[in-house]
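So the chains spell out like this:
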Amino acid sequence: MTTERTRTPGTLALAAALMCVCVAAPHAQRTRNQPAPANWLTDGGDPQRTSWQRNETLISPATVKGMRLAWKLQLDNEPRQLHSLFPPLIVGEVRTSSGPKQIGIVAGVSDNIYGIDLDTGTQLWKRHFDRNFEEPTGKGRREAYVLCPGGLTATPVIGPGRAPGAWIAYVVSWDGRLRQLDVATGKDVAPPELFLPPNGKPYGLNLYKGVIYTTTAQGCGGNPNEFYAFDLKTKKVGSFAPASGGMWPRLGPSIGRDGSVYAGSGDGDYYPEQQVFGQTIIAVKQNPVTKALEMTDWFTPTNAVWLRKRDLDMNVTGPIFEYKGREYIAESSKECRIWLIDTSAMGGEDHRTPVFTTPLVCNEEVQFAAAGPWSALATWEESDGTRWVLMPFWGPKHPQFSAPLEYGQVVKGAVAAFRVEEKNGGLQLTPAWISRNINQADAVVIANGVVFGFGNGEDAAQASVDIGLAYNKAENRIARSTHAELHAFDARTGQELWSSGTQIASFNHFTSLSVANGRVYIGTFDGMLYAFGVDTPAGTR
């Protein structure tokens with residue numbers, strides 16, 4: 001793995017040329033009749049975290065069968081524990097000194113940000129952040145470990161700049177400061193501002209009406225587990241603490257149409273009269289005057305006490321969607337069932353009653369690790385209004401769960417797809433298909449009738465029979481991990497249309513996919529960024 005910190009432009013170009021295996025580049029000068037290129041500005045594609053690319057025109061069930069490796073690029077980010085690269089954020093057209101470019105912003109856990117020309121697979125620029133604190137070391141200090149790797153842990157978010165064609169990447173560095181970078185050059189467009197306590201573990205950033213949101217978890221660095229908001233205009237920071245375990249929605253919190261921010265809390269007590277909200281899906285909203293974050297609603301499942309005892313806490317990002325004029329969020333936990341929740345009255349009058357609850361999809365053995373959903377749910381809508389909800393999961397399918405379309409025995413994981421339907425006077429999630437077996441199925445993305453999922457290939461065990469929880473060390477899990485594999489499925493039937501097979505050499509941990517303009521991107525533990533694309537006619541994206 002290349003690890004040198006600096007490279008000359010000539011060296012970068014040569015390295016990219018050696019490692020680039022190209023299909024037709026989707027970026028070309030756009031004509032008047034061509035639509036604007038698609039973007040992917042936040043993890044999950046939009047503030048609602050649907051993971052649905054609405055503007056894809058090149059990928060389809062027909063074209064994806066010919067998908068192949070467009071390029072792969074070795075980045076010099078050093079892994080920390082199991083973490084390495086986060087998914088590229090994509091701006092389809094950025095104004096640069098050398099003309100418009102499609103640029104990807106890739107974060108690396110070792111406080112690195114890379115600007116990538118996504119058409120050619122070359123590195124345009126790199127930032128390695130300085131920090132104003134010392135990493136804890138020595139006896140009596142809590143050093144980095146699997147759950148608290150240190151470094152940059154939140155996928156950035158991108159928003160428009162002041163000038164046409166200008167874009168800003170918002171990044172939280174290891175020291176908790178909010179950085180604002182010009183996407184074209186990587187240069188600061190504003191001084192760093194203190195946002196979070198240093199050495200914590202924030203999750204993917206979200207941006208809504210000039211406010212950056214995130215959540216934190218695992219108490220890393222001795223910091224509290226809270227919602228956080230940074231108001232870009234006033235530079236005021238707001239926070240809310242549910243007095244529970246960490247909030248670790250994998251893609252970061254979701255945002256609804258009225259600006260409410262949603263995330264699930266981890267293991268903890270549930271005493272609402274004392275403002276203690278463990279095992280709960282929580283909604284907070286920024287006070288427009290004080291800029292403080294205030295809790296507005298919540299949903300807590302009726303078996304919350306049991307969930308805590310078995311360490312089956314909320315651990316996914318729930319997508320938000322509208323259906324016939326009402327807004328819903330789909331949520332889950334390691335228990336492996338989906339709750340459909342009306343955001344206007346989460347859980348009804350008692351805060352314990354969802355609109356619908358699915359049966360268990362997986363995790364019959366009630367495992368706290370290596371089973372259940374561990375990333376994000378996703379949602380998309382057909383042109384006729386049919387709404388879909390998808391859940392990737394780890395481990396065997398529950399023997400009592402079935403779908404009309406299945407593709408063999410599921411042992412290591414799969415993607416389960418549901419249709420939202422009106423039956424018996426209410427809404428329900430009706431099973432539609434279950435994909436083929438996938439090795440640790442992680443977050444999916446949807447583009448023009450195709451569902452892309454991946455098996456991360458990671459050893460997700462956190463304990464062993466002989467040494468118990470002492471097994472949960474990076475060196476043990478790295479040694480037993482294999483490689484990631486990307487899959488493409490027909491979004492309506494679940495039939496596999498294509499897979500990357502063994503083309504991806506390493507595994508990945510706590511990352512996701514991004515998709516735009518005919519290509520899908522995935523990064524791996526060894527610092528390699530892969531782009532898989534469909535063949536495109538000349539002059540098209």
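The structure we're discussing is the one just above.
Residues numbered from 1 in each chain as written. Predicted model: local features only at pLDDT ≥ 70, side-chain atom pairs only at ≥ 80, totals over all residues. Heavy atoms only, no water.

K.L.:
Please clarify how the overall build of the protein chain should be interpreted in this entry.
P.N.:
On a plain count of helices and strands, the protein chain comes out with three helices and 36 strands. Against the globule reference of 24 Å for 541 residues, the protein chain gives a C-alpha radius of gyration of 22 Å, in line with a compact fold. The C-alpha extent of the protein chain, read off along each of the three principal axes, is 60 × 55 × 55 Å. By the burial criterion, 61% of the 541 residues in the protein chain qualify as buried. The long-range share in the protein chain, meaning contacts at least 24 apart out of those at least 6 apart in sequence, stands at 60%. Taken as a whole, the protein chain presents about 20200 Å² of accessible surface, with 50% of it coming from carbon and sulfur. Positive and negative side-chain charges of the protein chain, numbering 51 and 53 respectively, have mean locations separated by a distance of 4 Å. (Helix = DSSP H or I, 4+ residues; strand = E, 2+ residues; numbered from the N terminus. Rg over C-alpha atoms; globule rule 2.2 N^0.38 Å. Buried < 20%, exposed > 50% of the residue type's maximum accessible area, 1.4 Å probe, protein only. Contact = heavy atoms within 4.5 Å. Areas by Shrake-Rupley, 256 points an atom, 1.4 Å probe, with all protein chains shown as cover. Lys, Arg positive; Asp, Glu negative; His and termini not counted. Charge placed at Lys NZ, Arg CZ, Asp CG, Glu CD.)

K.L.:
Help me understand the packing of aromatic side chains in this model?
P.N.:
Aromatic ring pairs are defined here through the distance separating the ring centres and the angle between the ring planes. Going through the model one piece at a time under the given rule, you end up with 17 aromatic pairs. For the pair Phe 195 and Tyr 228, a centre-to-centre distance of 6.4 Å together with 85° between the ring planes defines the contact as edge-to-face. One end of the pair, Phe 195, is in the loop between β10 (188-194) and β11 (206-208); the other, Tyr 228, is in strand β13 (residues 227-231), with 33 residues separating them in the sequence. Both residues of the pair, Phe 195 and Tyr 228, count as buried. Their ring planes at 10° and their centres at 6.2 Å tell us that Tyr 530 and Phe 532 sit as a pair that is stacked. Each member of the pair Tyr 530 and Phe 532 is classed as buried. What links up through ring pairs into an aromatic cluster is the set Trp 248, Trp 374, Trp 394 and Phe 510. Across the ring face of Phe 510, the terminal group of Arg 250 is positioned such that the distance to the ring centre comes to 4.2 Å. (Phe/Tyr/Trp six-rings, centres within 6.5 Å; stacked < 30°, edge-to-face > 60°. Lys NZ or Arg CZ within 6 Å of the ring centre and 35° of its normal.)

K.L.:
In this structure, what is going on with the side chain of His 487? I would like to understand it.
P.N.:
As for its placement among the helices and strands, His 487 is situated in strand β32 (residues 485-490). Judged by relative accessible area, His 487 falls into the buried class, the value being 1%. For His 487, the side chain forms a polar contact with the side chain of Glu 496, separated by 2.7 Å. Beyond its immediate chain neighbours, meaning those up to four positions away, His 487 contacts Arg 436, Ile 438, Val 451, Phe 452, Gly 453, Phe 454, Gly 455, Glu 496, Trp 498 and Ser 499. (Polar contact = N/O pair within 3.5 Å; in protein donor to acceptor, adjacent residues only side chain to side chain.)

K.L.:
Can you walk me through the sheet that holds strand β8 (residues 167-172) in this structure?
P.N.:
By definition, the strands of a sheet pair up through backbone hydrogen bonds, in either a parallel or an antiparallel sense. Pairing within the open sheet is antiparallel, and its four strands lie in the order β7-β8-β9-β10. Edge strands, defined here as strands with exactly one partner in the open sheet, are β7 (157-160) and β10. Each strand of the sheet is rotated relative to its neighbour by a mean of 20°, with strand direction disregarded. (Pairing = 2+ DSSP bridges. Axes fitted to C-alpha atoms, helices over the stretch in contact; angles between N-to-C directions.)

K.L.:
Explain empty space enclosed by the protein to me, please; I cannot follow it from the model alone.
P.N.:
To locate leftover empty space, one rolls a probe as large as a water molecule over the atoms. Per the counting criterion, the structure on display carries three cavities of 30 Å³ or more. Considering only enclosed or pocket space, the largest cavity measures out at about 110 Å³ in volume. Taken together, 14 residues line the largest cavity, and the ones lying closest to its centre are Phe 86, Thr 153, Tyr 203, Arg 250 and Phe 510. By volume, the second largest cavity is sized at about 50 Å³. If you go around the second largest cavity, the residues you meet are Gly 151, Leu 152, Thr 153, Val 172, Ser 173, Trp 174, Gly 176, Leu 196, Pro 197, Asn 199, Gly 200 and Pro 202. Looking at side-chain class alone, the lining of the second largest cavity contains six nonpolar, six polar and no charged residues. (1 Å grid on protein atoms, 1.4 Å probe; cavity = no way out; pocket = protein on both sides within 12 Å on 5 of 7 lines; lining within 4 Å. Points joined across faces, edges and corners; volume = space filled by probe spheres on them. Nonpolar A, V, L, I, M, F, W, Y, C, P; charged D, E, K, R; others polar.)

K.L.:
Looking at this structure, how should I read the pattern of salt bridges?
P.N.:
Pairing between side chains becomes possible if they bear opposite charge and their charged atoms approach one another. Counted by the stated rule, this structure contains 26 salt bridges. In this structure, Lys 423 and Glu 421 form a salt bridge, with 3.5 Å as the shortest nitrogen-oxygen distance. One network of salt bridges, in which partners are shared, links Asp 130, Asp 175, Arg 177 and Arg 179. (Salt bridge = Lys/Arg side-chain N within 4 Å of Asp/Glu carboxyl O.)

K.L.:
What exactly am I supposed to notice about the state of the cysteines here?
P.N.:
What makes a disulfide is a covalent bond joining the sulfur atoms belonging to two cysteines. Inspection of every chain in the model, using the stated rule, returns two disulfides. What pairs with Cys 148 in a disulfide is Cys 220, and their sulfur atoms sit 2.0 Å apart. Between Cys 148 and Cys 220, the S-S torsion sits near -85°, and that sign places the bridge as left-handed. Placement of Cys 148 in the loop between β6 (122-128) and β7 and of Cys 220 in the loop between β12 (211-215) and β13 is noted, with a sequence separation of 72 residues between them. The exposure class of Cys 148 is buried, given its relative accessible area of 9%. Overall, Cys 220 belongs to the buried group, its relative accessible area being 4%. Here Cys 336 engages in a disulfide with Cys 362; their sulfurs sit 2.0 Å apart. One quick way to see it: the torsion about the S-S bond of Cys 336 and Cys 362 is about 105°, and its sign makes the bridge right-handed. Of this pair, Cys 336 sits in the loop between β22 (326-332) and β23 (338-342) while Cys 362 sits in the loop between β24 (356-357) and β25 (378-381), and the two are 26 residues apart along the sequence. (Disulfide = S-S within 2.5 Å.)

K.L.:
Which parts of the structure should I look at to understand the pairing of strand β30 (residues 441-447)?
P.N.:
Where a strand is regular, its side chains alternate between the two sheet faces. Across the seven residues that make up β30, a large majority, seven, are buried. Pairing of strand β1 (residues 52-53) with β30 involves two bridges; the strand directions are parallel. Considered in β30, the bridge of Trp 52 is made with Ile 446. In sequence, β30 turns back onto strand β31 (residues 450-455) through a hairpin of two residues, with Asn 448 there showing a positive phi of about 50°.

K.L.:
Help me out: how do you make sense of the side chain of Asn 472 in this one?
P.N.:
Structurally, the position occupied by Asn 472 is in the loop between β31 and α3 (474-479). Residues within four places of Asn 472 in sequence aside, it is in contact with Val 146, Ala 461, Gln 462 and Arg 477.

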